[in-house]
Amino acid sequence: MSAAAGTPPEGGGDRPWQSYHTAYTNAKAGMEGVDKEKVQKVIYEMSKGSKYFENEQRKEAVTKQKIEHLRAQCAALTDNDISHFQKVAEKKMLELEASRDLSKIWLHTDMDAFYAAVETLENPSLKGKPLAVGSMSMIATASYEARKFGVRAAMPGFIGCKLCPGLVFVRPNFERYTHYSELTRKVFQRYDPNFIATSLDEAYLNITNVCIERGITGEEVATELRSAIYQETGLTCSAGVAPNRMIAKVCSDINKPNGQFILPNDREAVLTFVSTLPIRKIGGIGKVTEQMLRQVLGISTCQEMLQKAAFLCALFSEGSADFFLSVGLGLGGTETPEQRQRKSISCERTFAATNDSSLLFEKLDSLAENLTDDLQKEGLKGKTLTLKLKTADFEVRTRAVTTRNYINSKEDILVYATKLLKAEMPLSLRLMGLRMSQLHDEKDDPSTSTQKTLDIFFRSSNGVSTDQQDFFLHDESCFIPEQRSFGNHSNEAVISKPLGGTKLDDVSSSAKVAPAEKLNEPDNLISPKAVASSSKPDQQSWIDGYICSICGFELPPGFEEERLEHSDFHLAETLQQEEAVDGTRHISNESRLADRERPCSTTPTPKKKLKSSKEGKHIPIDAFFTKCNKNL
């Protein structure tokens, strides 16, 4: 078992930076000849004592706990356990091998230092200079000249300046990058109309049909496509061609920049390729997973996944084990995923930490505008708006509000986002983001329906103005705190399950509605007081500080005006119920008086012809309340 445990974690000793691993120390294309230890030391010295450093230490402590837990599980495995899981692993590998598909040819294309390349194209004086797109707080992209010094994306600009004193900074221009991205996508359309764009500068193309129809190889398609992109945009890109998407992405990174790598559709070629491939090169295996696999099982290459297959099946979930074994076999997706409606649309920005409220609301305004543009471009509206905040201490918070209507305008988004942000003030932030979920096609927006819901009808019949109705539809919202799951949250779920442990059956008998057929009996009529007793406005309160005790809607403390109007809504609802009951009594009394005054006759009174037997048994609801209001 000790052999399976692998190597111990690297110690700090008199060189503590050697054990300091962050996203900044992970090499990217163009950083192959960089002195990694020198870069690591600079990052350590400049980060030490900062909020980021403290946050990295906290995350590292959690990772170490996970590693120790896995080691304990590994040490507890008996020979019988290992034998059992070896059989399980062998069966899984046979099933996975049977699914191998070598009939498809996939191409992955990745633009070279995209943002930096666009800025250099627009401003030729930047050519050949170490360039960073971003700011002193965060670098979005570094040119290949800057990468030679260890500067890379996701690195703070002040660390980049320390590594490369001559570093030139350019502010990001996303409109410009989007324009060039659209030009590249027009080229992709020629080779695969169903290409999969994963970002502004990356895409997967299934070029199988192009190769067959034109009788050319994947290598020829890659060369032709890269040339077409350069002619269309003036920018270079790198490409990888392989039997599946996972391997194609790895291949596109091999000969960067402005190069390509082709892996034949041959099983032995694939297995040979992945045998020495570092696991970190695989999409889906990040810093934490790499540490766990390496420090617990001694796995550093894809082939070693197969050698430790029994331990992978014993220590990880079935889904994770299947993924690891697929990586070891060089298997990946080969079918074009079905196009599904997006589940969410989001945008976020990183900036220098600030507690300036005016600046924060200015950034929120910009985010709302970006989110609006993305929603309207896709023809979508949403109901759940989530505000993501990362504080100066690197604490991540999420706050969400669910609206009654589907929205996608900047004004609507900003109303809710502003209130969510105000509820968290004062605070210092370094990142802010907005996400819209519960998406719906704009042309199918149910809020445009002419059919009235029952609560809207009650309000309109009670003389509630149009503006008030708009508030009830638009501003009666459900707040979801950070620690509550909002993936499957719905207002209906809240209302159907009364809070505080109260059951629907526990309502007092005086508040229960009498059966419809007995409404004309005076003893069974409900008094207005009885109706109001179940929802008196003075009984309305906020459970746990944000949950309405009557209907279950959730509003955070920062939504004071909405809370008052929400209470007024319950008051109006109660009054309407009272008027409805009074109207029922009037109709019932008039009916009895009419029966008494009607002369007895053996000849039946002619009746109007009914459209159907069902319609003859009930008064239409609009007519009922019209008559009710007249009697009042």
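So, how was this worked out
- Residues numbered from 1 in each chain as written.
- Predicted model: local features only at pLDDT ≥ 70, side-chain atom pairs only at ≥ 80, totals over all residues.
- Heavy atoms only, no water.
- Helix = DSSP H or I, 4+ residues; strand = E, 2+ residues; numbered from the N terminus.
- Buried < 20%, exposed > 50% of the residue type's maximum accessible area, 1.4 Å probe, protein only.
- Contact = heavy atoms within 4.5 Å.
- Areas by Shrake-Rupley, 256 points an atom, 1.4 Å probe, with all protein chains shown as cover.
- Core = buried A, V, L, I, M, F, W, Y, C linked by side-chain atoms within 4.5 Å.
- Axes fitted to C-alpha atoms, helices over the stretch in contact; angles between N-to-C directions.
- Parallel < 35°, antiparallel > 145°, perpendicular 65-115°, else oblique.
- Left-handed = near helix turned anticlockwise from the far one by under 90°.
- Nonpolar A, V, L, I, M, F, W, Y, C, P; charged D, E, K, R; others polar.
- Polar contact = N/O pair within 3.5 Å; in protein donor to acceptor, adjacent residues only side chain to side chain.
- Pairing = 2+ DSSP bridges.
- Salt bridge = Lys/Arg side-chain N within 4 Å of Asp/Glu carboxyl O.
- Disulfide = S-S within 2.5 Å.

1. Quick look at the overall build of the protein
The secondary structure content of the protein amounts to 23 helices and 16 strands. Counting the 632 residues in the protein, one finds 42% classified as buried. Within the protein, counting contacts between residues at least 6 apart in sequence, those at least 24 apart form 68% of the total. If you sum the accessible surface of the protein, you get close to 34,000 Å²; carbon and sulfur atoms cover 51% of it.

2. Examining the nonpolar core
Judged by nonpolar contacts, the single largest core of 44 residues is most densely connected at Leu 297, Met 305 and Leu 312. Elements with a contribution of two residues or more to this core: helix 2 (51-75), helix 3 (79-98), helix 10 (245-252), helix 11 (267-275), helix 12 (287-297), helix 14 (309-315) and helix 15 (318-329). The dominant element in this core, judged by the number of residues it contributes, is helix 14, at six residues. Of all hydrophobic cores here, the second largest spans 36 residues; its members include Ile 105, Met 111, Val 118 and Phe 195.

3. Some remarks on the packing of helix 3 against helix 15
Between helix 3 and helix 15, the shortest axis-to-axis distance is 10 Å and the interhelical angle comes to 60°. Overall, the two elements helix 3 and helix 15 adopt an arrangement that is oblique. The interaxial crossing formed by helix 3 with helix 15 has right-handed handedness. In this structure, helix 3 contributes Ala 89, Lys 92, Met 93, Leu 96 and Glu 97 to the contact, and helix 15 contributes Glu 318, Asp 322, Leu 325, Ser 326 and Leu 329. Its residues placed into classes, the contact of helix 3 with helix 15 shows five nonpolar, one polar and four charged.

4. Some thoughts on the side chain of Ser 143
Looking at where Ser 143 falls in the secondary structure, it is placed in the loop between strand 3 (139-142) and helix 5 (144-147). In terms of polar contacts, Ser 143 uses its side chain to reach the backbone carbonyl oxygen of Lys 129, at 3.5 Å. Beyond its immediate stretch of four places on either side in the chain, Ser 143 contacts Ala 113, Ala 116, Lys 129, Pro 130 and Leu 131.

5. Description of the pairing of strand 7 (residues 237-242)
Counting buried residues along strand 7, six of its six residues qualify, which places the element largely inside the surrounding structure. Examined bridge by bridge, strand 1 (residues 106-111) and strand 7 share six bridges and lie antiparallel to one another. Of the residues in strand 7, the one forming a bridge with Trp 106 is Ala 242. Looking at chain direction, strand 7 and strand 8 (residues 260-262) are connected through three bridges and run parallel. Across the sheet, the residue bridging to Val 241 is Ile 262, located in strand 8.

6. Here's the deal with the pattern of salt bridges
Inspection of every chain in the model, using the stated rule, returns 27 salt bridges. For Glu 119, the salt bridge is made with Arg 176, and the minimal N-O distance between the two is 3.0 Å. Here the residue Glu 119 occupies a position in helix 4 (residues 114-122), and Arg 176 occupies one in helix 7 (residues 174-191), the gap between them amounting to 57 residues. Of the residues examined, Arg 176 reaches a relative accessible area of 27% and is grouped as partly exposed.

7. A short note on the state of the cysteines
Put plainly, two cysteines are in a disulfide when a covalent bond ties their sulfur atoms together. Considering all chains together, one arrives at zero disulfides under this definition. With no disulfide of its own, Cys 164 lies closest to Cys 161 among cysteine sulfurs, the gap being 8.0 Å. The exposure class assigned to Cys 164 is buried, which follows from its relative accessible area of 2%.

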